[in-house]
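Analysis of the macromolecular model
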Amino acid sequence: VMRRNPFGMDICCRKGSRSPLQELYNPTQLSNTAILHQIRRDQVTDTCRANSVLSRKRRVLTPNDLKHLVVDEDHEMIYCYVPKVACTNWKRVMMVLTGRGKYSDPMEIPANEAHVSSNLKTLNQYSIPEINHRLKNYMKFLFVREPFERLVSAYRNKFTQKYNTSFHKRYGTKIVRRQRKNATQEALRKGDDVKFEEFVAYLIDPHTQREEPFNEHWQTVYSLCHPCHIHYDLIGKYETLEEDSNYILQLAGVSNYLKFPTYAKSTRTTDEMTTEFFQNISSEHQTQLYEVYKLDFLMFNYSVPSYLKLE
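Everything numeric here is computed off the predicted structure, so don't read it as measured data. (Residues numbered from 1 in each chain as written. Predicted model: local features only at pLDDT ≥ 70, side-chain atom pairs only at ≥ 80, totals over all residues. Heavy atoms only, no water.)

So, on to the packing of helix 7 (residues 147-159) against helix 15 (residues 283-299). Axis separation between helix 7 and helix 15 bottoms out at 9 Å; the angle between their running directions is 120°. Looking at the two axes, helix 7 sits oblique to helix 15. Here helix 7 contributes Pro147, Phe148 and Leu151 to the contact with helix 15, which in turn contributes Leu289, Tyr290, Tyr293, Asp296 and Phe297. (Axes fitted to C-alpha atoms, helices over the stretch in contact; angles between N-to-C directions. Helix = DSSP H or I, 4+ residues; strand = E, 2+ residues; numbered from the N terminus. Parallel < 35°, antiparallel > 145°, perpendicular 65-115°, else oblique. Contact = heavy atoms within 4.5 Å.)

Turning to the packing of aromatic side chains, a few remarks are in order. Per the stated rule, a full pass over the model turns up 24 aromatic pairs. Consider the rings of Trp90 and Phe260, whose centres lie 5.3 Å apart with planes at 35°: the pair is tilted. On the criterion of sequence distance, the pair formed by Trp90 in helix 4 (residues 87-98) and Phe260 in the loop between helix 13 (241-251) and helix 14 (271-278) is long-range, its members being 170 residues apart. For the pair shown, Trp90 and Phe260 are each scored as buried. In this structure, Arg145 packs its charged tip against the face of Tyr238, placed 4.0 Å from the ring centre. The ring of Tyr302 carries the charged tip of Lys237 above its face, separated from the ring centre by 4.3 Å. (Phe/Tyr/Trp six-rings, centres within 6.5 Å; stacked < 30°, edge-to-face > 60°. Buried < 20%, exposed > 50% of the residue type's maximum accessible area, 1.4 Å probe, protein only. Lys NZ or Arg CZ within 6 Å of the ring centre and 35° of its normal.)

Because side chains alternate across strand 6 (residues 234-237), one face comprises the buried residues Leu234 and Gly236, and the other comprises Ile235 and Lys237, equally buried. Bridge count between strand 5 (residues 139-144) and strand 6: four bridges; the pairing is parallel. Along strand 6, the bridge assignment pairs Leu142 with Ile235. (Pairing = 2+ DSSP bridges.)

With that settled, consider the pattern of salt bridges. For the structure on display, the rule yields 14 salt bridges. With its nearest N and O atoms 3.2 Å apart, the salt bridge here joins Lys190 to Glu186. With Lys190 and Glu186 both in helix 9 (residues 185-190) and four residues apart, the pair spans about one turn of that helix. For Glu186, a relative accessible area of 46% puts it in the partly exposed group. Three or more residues joined by partner-sharing salt bridges are found here, namely Arg170, Lys174, Arg178, Asp205, Glu211 and Glu212. (Salt bridge = Lys/Arg side-chain N within 4 Å of Asp/Glu carboxyl O.)

Turning next to the environment of Asp271. With respect to the helices and strands, Asp271 occurs in helix 14. Discounting residues that sit within four places of it in the chain, Asp271 has contacts with Glu149 and Tyr307.

Let us now look at the side chain of Gln38. Locating Gln38 in the fold gives a position in helix 2 (residues 32-50). What makes Gln38 buried here is its relative accessible area of 16%. Among the polar contacts listed, one links the side chain of Gln38 to the side chain of Asp42, at a separation of 2.9 Å. (Polar contact = N/O pair within 3.5 Å; in protein donor to acceptor, adjacent residues only side chain to side chain.)

This next bit is on the pairing of strand 4 (residues 77-80). Each regular strand shows side chains that alternate between the opposite faces of the sheet. Where burial is concerned, the two faces of strand 4 agree: the one with Met77 and Tyr79 and the one with Ile78 and Cys80 are both buried. In sequence, strand 3 (residues 69-72) turns back onto strand 4 through a hairpin of four residues, with Glu76 there showing a positive phi of about 55°. With four bridges joining them, strand 4 and strand 5 adopt parallel strand pairing. The residue bridging Met77 from the neighbouring strand is Met139, located in strand 5.

Quick look at a nonpolar patch on the surface now. On the surface, a cluster of nonpolar side chains totalling about 270 Å² of accessible area is made up of Leu30, Ile35 and Ile39. Residue position: Ile39 is located in helix 2. (Patch = residues over 30% accessible without salt bridge, like charges linked within 9 Å, V, L, I, M, F, W, Y side chains within 5 Å. Areas by Shrake-Rupley, 256 points an atom, 1.4 Å probe, with all protein chains shown as cover.)

For the rest of this paragraph, the subject is the environment of Phe297. As for its position among the elements, Phe297 is in helix 15. With a relative accessible area of 0%, Phe297 lands in the buried category. As a C-alpha pair, Phe297 and Phe148 span 149 residues in sequence and 9.2 Å in three-dimensional space. Contact partners of Phe297, with chain neighbours within four places excluded, come to Glu146, Pro147, Phe148, Tyr290, Tyr302, Ser303 and Pro305.

Note that all results are geometric; they support no functional claim without further evidence.
Right, here's the structure in full:
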């Protein structure tokens, strides 16, 4: 049976159970939520079209571009994870969904366990025909967050916590060496006292991107998930994390036994905090940094923050 849906996409119906995609594009009843997600999808499509020079630079995706797309065969879903946007909890949920009964409560899975790559299957592990089949037929989703809030969250987590020594060694020492005049020997060796201003200077330095791709914690969503090449069916937002997550679980047909874990983290990076971090950044640097993350702002409909002093 072919049915037209309100959004003009043909979806072939399996008898009996409805797939998440059918429920999304051809809902039993048209809800405000379905319309909201259509608006978010359109925003991405329009931004990709309007910025096609920027956004289509790499015509063809390679399997290496698909490392962030986690596959759930049983529920026919693909989740592109973006660090600093509830990705630990979403990976935990994906482990429950794909674990075939091994886990039932996402929060019982230790955070470090969720980041062990062998615990989840990613799209780059499949053959090209299998990749194409999944991209065409599975429900694909990602979660986004206000880009500068995500950036401050990454900075706070990776550069101000004493335990993140691997980041201090790998990036901190490089940032100090490049951005700090008269750095002490200790700072050059440890790299554990990077200032936010130095981090920003490192991000906008053209040399940085030429040398190697950004680390996933501060890489743009646009470069991690390739929304101009991959059509995401759902774009969840950090600001509406619970509603969006539970809507996805409902579409997957698992909401009767699985809810998205909620917890209020008191240390969570907020808008006020982000404003404060940007106080000491020169307007020139703010403008250059905005350029780096501009597609994320436009694509996911985040307005230019009011605290910015753009040139």
